[in-house]
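In case you want the letters, here they are:
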Amino acid sequence: MDGWPFNFDHMSTAVVSTSSDIMGGTPVFPGTRVPVQTLLDYIEAGDTIDDFLLGFPTVTREHVVAFLERAATLAVHEAA
């Protein structure tokens, strides 16, 4: 949660979590040890969200949708 742009005080739940105790501070889906980069790697490789969720059952569809929505919002905001 320290310093990662997806964690804002006004958000009720974190979209991404970071902790030096979990995966050495790698950004992960909250409550899991699954790096968000893994989702991006799956998508880049042409895999579906369902493929990703099958491989990482600790991540929920809600996690993925929230992450992608937040990433899109940040991308649009940055482009403006």
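Computed from a predicted model, the values in this text were never measured in an experiment. (Residues numbered from 1 in each chain as written. Predicted model: local features only at pLDDT ≥ 70, side-chain atom pairs only at ≥ 80, totals over all residues. Heavy atoms only, no water.)

Student: Describe the nonpolar core, and please don't skip the residues or the numbers.
Tutor: One finds Val 15, Val 16, Phe 29, Val 34, Val 36, Leu 39, Phe 52, Leu 53, Val 59, Val 64 and Phe 67 forming the largest nonpolar core, which totals 11 residues. Breaking this core down by element, the ones donating at least two residues are α1 (36-44), α2 (49-55) and α3 (61-79). (Core = buried A, V, L, I, M, F, W, Y, C linked by side-chain atoms within 4.5 Å. Buried < 20%, exposed > 50% of the residue type's maximum accessible area, 1.4 Å probe, protein only. Helix = DSSP H or I, 4+ residues; strand = E, 2+ residues; numbered from the N terminus.)

Student: So, the pattern of salt bridges: which residues are in play, and what are the values?
Tutor: For the coordinates displayed, the defined rule picks out 1 salt bridge. Between Asp 50 and Arg 61 there is a salt bridge, with its nearest N and O atoms 2.1 Å apart. Of this pair, Asp 50 sits in helix α2 while Arg 61 sits in helix α3, and the two are 11 residues apart along the sequence. The class for Asp 50 is partly exposed, based on a relative accessible area of 43%. With relative accessibility at 39%, the residue Arg 61 sits in the partly exposed group. (Salt bridge = Lys/Arg side-chain N within 4 Å of Asp/Glu carboxyl O.)

Student: A description of the environment of Leu 53 should follow, citing residues and the corresponding values.
Tutor: Position of Leu 53 among the secondary structure elements: in helix α2. Through-space distance from the C-alpha of Leu 53 to that of Leu 39 is 9.0 Å; in sequence the pair is 14 residues apart. Apart from the residues lying within four places of it in its own chain, the contact partners of Leu 53 are Val 59, Thr 60, Arg 61 and Val 64. (Contact = heavy atoms within 4.5 Å.)

Student: An account of the environment of Phe 29 is requested, with residue identities and associated values reported.
Tutor: Looking at where Phe 29 falls in the secondary structure, it is placed in the segment before α1. Assessed through its relative accessible area of 0%, Phe 29 is described here as buried. Sequence separation between Phe 29 and Val 64 is 35 residues, and the spatial gap between their C-alpha atoms is 8.3 Å. With near-sequence residues (within four places) excluded, Phe 29 lies in contact with Val 15, Val 34, Pro 35, Val 36, Leu 39, Phe 52, Val 59, His 63, Val 64 and Phe 67.

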